[in-house]
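# Working through the structure, step by step
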Number of protein chains: 2
Amino acid sequence: MSKYFRLVQITVVAMLAVATVLSAAAQSKSAPLKLEKEGSFFVGGRDVQSDTLSLDPRYAASGTITIDQVYVHYQVPVKAKRHYPLTLIHGCCLTGKTWETTPDGRMGWDEYFARKGFPVYIVDQAWRGRSAGSPAAINAVKANKAPLDQLPGVFSAGHEGAWAIFRFGPEYPKVFPGMQFPLEAQTEFWKQMVTDWSDTLPTPNTTVPALSELAQKVDGTVLISHSQSGIYPFQAAVLSTKGVAGIISIEPAACPAATDDMKPFKGMPILVLFGDYVDKSTRWAPRLKLCREFVQAANAAGGKAELTLLPDVGIHGNSHMLMQDKNSLEIANWLVNWINHHVGQKP
Amino acid sequence: MSKYFRLVQITVVAMLAVATVLSAAAQSKSAPLKLEKEGSFFVGGRDVQSDTLSLDPRYAASGTITIDQVYVHYQVPVKAKRHYPLTLIHGCCLTGKTWETTPDGRMGWDEYFARKGFPVYIVDQAWRGRSAGSPAAINAVKANKAPLDQLPGVFSAGHEGAWAIFRFGPEYPKVFPGMQFPLEAQTEFWKQMVTDWSDTLPTPNTTVPALSELAQKVDGTVLISHSQSGIYPFQAAVLSTKGVAGIISIEPAACPAATDDMKPFKGMPILVLFGDYVDKSTRWAPRLKLCREFVQAANAAGGKAELTLLPDVGIHGNSHMLMQDKNSLEIANWLVNWINHHVGQKP
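Description of the structure in this document. (Residues numbered from 1 in each chain as written. Chains lettered and ligands numbered in written order. Predicted model: local features only at pLDDT ≥ 70, side-chain atom pairs only at ≥ 80, totals over all residues. Heavy atoms only, no water.)

### A word on the relation of the copies chain A and chain B
The following threshold applies: Here the copies were fitted onto each other by least squares, based on C-alpha atoms from residues at pLDDT of at least 70 in both. In this description, contact between two residues means that some pair of their heavy atoms is separated by no more than 4.5 Å.
Mapping chain A onto chain B leaves a residual RMSD of 0.0 Å; the transformation is a rotation of 180° accompanied by 0.0 Å of translation along its axis. The two molecules are tied by a two-fold rotation axis, judged by turn and shift. Residue G129 of chain A of chain A places its C-alpha closer to the rotation axis than any other residue of that unit, at 2.0 Å. The fraction of interface residues of chain A whose copies in chain B are also interface residues reaches 100%, indicating that both copies meet through the same surface.

### Quick word on the interface of chain A and chain B
Note the threshold: Only one rule defines a salt bridge in this text: a Lys or Arg side-chain nitrogen within 4 Å of an Asp or Glu carboxyl oxygen. Counting from the N terminus, the helices are DSSP H or I runs at least four residues long and the strands are E runs at least two residues long. Throughout this entry, Asp, Glu, Lys and Arg are counted as charged residues, while Ala, Val, Leu, Ile, Met, Phe, Trp, Tyr, Cys and Pro are counted as nonpolar. The remaining residues, Gly among them, count as polar. Pairing between strands is defined by DSSP: at least two bridges between them are needed.
The partner chain B presents 75 residues to the 74 residues of chain A that form the contact. With its nearest N and O atoms 2.9 Å apart, the salt bridge here joins R130 of chain B to D124 of chain A. Those elements that provide at least two residues to the side of chain A that touches chain B are α1 (2–24), β1 (33–43), β3 (63–67), β4 (70–77), β6 (120–124), α3 (136–142), α4 (159–165) and α5 (186–190) of chain A. Here the residues of the side of chain A that touches chain B are counted per class, giving 31 nonpolar, 25 polar and 18 charged. Where β1 of chain A meets strand β1 (residues 33–43) of chain B, three bridges bridge the pair, whose relative direction is antiparallel. Counted as the bridge partner of L33 of chain A is L35 of chain B from β1 of chain B.

### Comments concerning the pattern of salt bridges
In plain terms, the rule: Each residue is placed in one exposure class: buried if its accessible area under a 1.4 Å probe, protein chains only, is under 20% of its type's maximum, exposed if it is over 50%, and partly exposed if it falls in between.
The final tally for this structure, using the stated rule, is 28 salt bridges over all chains. Close ionic contact of R115 of chain A with E111 of chain A constitutes a salt bridge, the shortest N to O distance being 2.9 Å. Of this pair, R115 of chain A and E111 of chain A both sit in helix α2 (residues 109–115), separated by four residues, roughly a single helical turn. Residue R115 of chain A is classed as buried on the basis of its relative accessible area of 4%. E111 of chain A sits in the buried class, given a relative accessible area of 7%. Residues joined by salt bridges that share partners form a network here, namely D56 and R58 of chain A together with D199 of chain B.

### Regarding the packing of helix α6 (residues 207–217) of chain B against helix α7 (residues 232–239) of chain B
Residue and element names in this part refer to chain B. Short version of the rule: Helix axes are fitted to C-alpha atoms over the stretch in contact, other axes to C-alpha atoms as well, and angles between N-to-C directions run from 0 to 180 degrees. The labels follow the angle: roughly parallel below 35 degrees, roughly antiparallel above 145, roughly perpendicular from 65 to 115, and oblique for the rest. Should the near helix be turned anticlockwise from the far one by less than a right angle, the crossing is termed left-handed; should it be turned clockwise, right-handed.
For the pair α6 and α7, interaxial distance at closest approach is 8 Å and the crossing angle is 65°. Looking at the two axes, α6 sits roughly perpendicular to α7. Of the two elements, α6 crosses α7, and the hand of that crossing is right-handed. Seen from α6, the contacting residues are T207, V208, P209, L211 and S212; seen from α7, they are Y232, Q235, A236 and L239.

Listed below in structure tokens is the structure:
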């Protein structure tokens, strides 16, 4: 019988080895997603007192609320140990939904990066989405306790005006030729847009110190920002470089000025990424130019910064919302390669 | 060699059988969470025009925005096929965060139910969290285009006032003896609370038709509501019983009136669930009484409704936020048994 047992033993060991190799590799797109851990928490936040929390008699007018905290949802895939977590930070008038299922129902970057072995952290900016703001200023004015100009500066971007900002085309409803955004599902996209309170917040935005806290809490992360939040990772690095393993700023509304102190960025892997049609956009072309100047200044001061236009690496047709474009996973994959090459893994 | 191969074949078949049995069972709390699918989308929503979307010159004042949609995040565990999805609907001044990681860092009901084999759908109520509202009324008043009383009726619940509502104790900061809420982590709990716009919405709340749409989209779900949203599943069933496989209303602010038409609830498994200390709360004791009257009326009309106080089934010390109490998973497990017994699985 010993020969039988020996053969069974060899077979079992071989099967376990194959299983180990398979599970150590990136998780395929169609197989079940295996998570080591998932959950949510907040970073930042402070207590404030107010006498105008409510004008509804069911809820006390006076009391304490907590504001400025930033909601974080995370997923850690199995076998992620040495990959740096990725922190995804949405832009204007949007929430963390930006990175989830696309308007036309395809997999979001959140899940794709997790399947590639990266822990993924997604935030809602302060005063937006699941991150609380305060109604106190509105109620103070309504109760005649404050003048009209104390009303908060809140805005929503309308479909028509957002069209050119998101670079779907030169103006509403014209479409750039070769456009990759799934405009057939634009109805679903517009549902993602929420009211933006950022005009009422200080500079840097309250989200920035919260991101710095998050970066330190997870002991190193690549901060991936977009549009309005484009500059936040740079501002977080100015507060403290602790925990900032790298910065990927996607279509930033602004880069740091080339005249800024470049010390915080010395040796830090930085990628500024733009999509297509930028030269056709009076809104985005000047921002691209300023970002180029920043990248030059950072590198002159010992930085490891680069700026990439997707068409220059053979990827065409991308809007400002490139994480939702039809070729979004091709771009995500390009980013995974960039991260592996420039940021590497935890020591 | 044929004997060797036969033995290897038997061994492999046996191992596969063991693997199948293991994966068909509920997923244990410490093993990786295996998801067949996850993602997010919106239900509901309508386009509205406005001339006061923005007073910030960077964003157009006039245009179209989409409001009233409800954000839904879902996870489908492997081997979930015959379980009805559970839809979790948060209460006043909160968001879908309610059901995630507890303030003291324990597993939320979202993951627990998924590990028990249920697809889980979590919403943010309309005009809250990732579900958009409109800034148009605020801007109209600020721009002197509308009178002061057109300002929206928004409120936040302060810590002190919320204390007795959440039944942590009779009044702030007193604590009921045996309290299960993790008050040592209350700082993290207060961060979950957001501004509530529900006073500005119609009755039934805009979330209700969206829940009905969701129930039909997923082809059957148990609607699990809490507090402010307690009555929403009943209101959704009045709109249409399609897709409403059962209702679990946790500590509802209101049940349907006993004098309402009970036809929509005929044959529908309904559970109204309350925690502890209800008789000590002037806020909750009358609501419990009215819910008892509803349950009697529903059953008199051929319903399958029941009302349970957790202490009556041997579970003690629960606050209004019982999904976050220290014994939250014991309650979740009790609910799983209730669902399996009263709702059953898909045909």
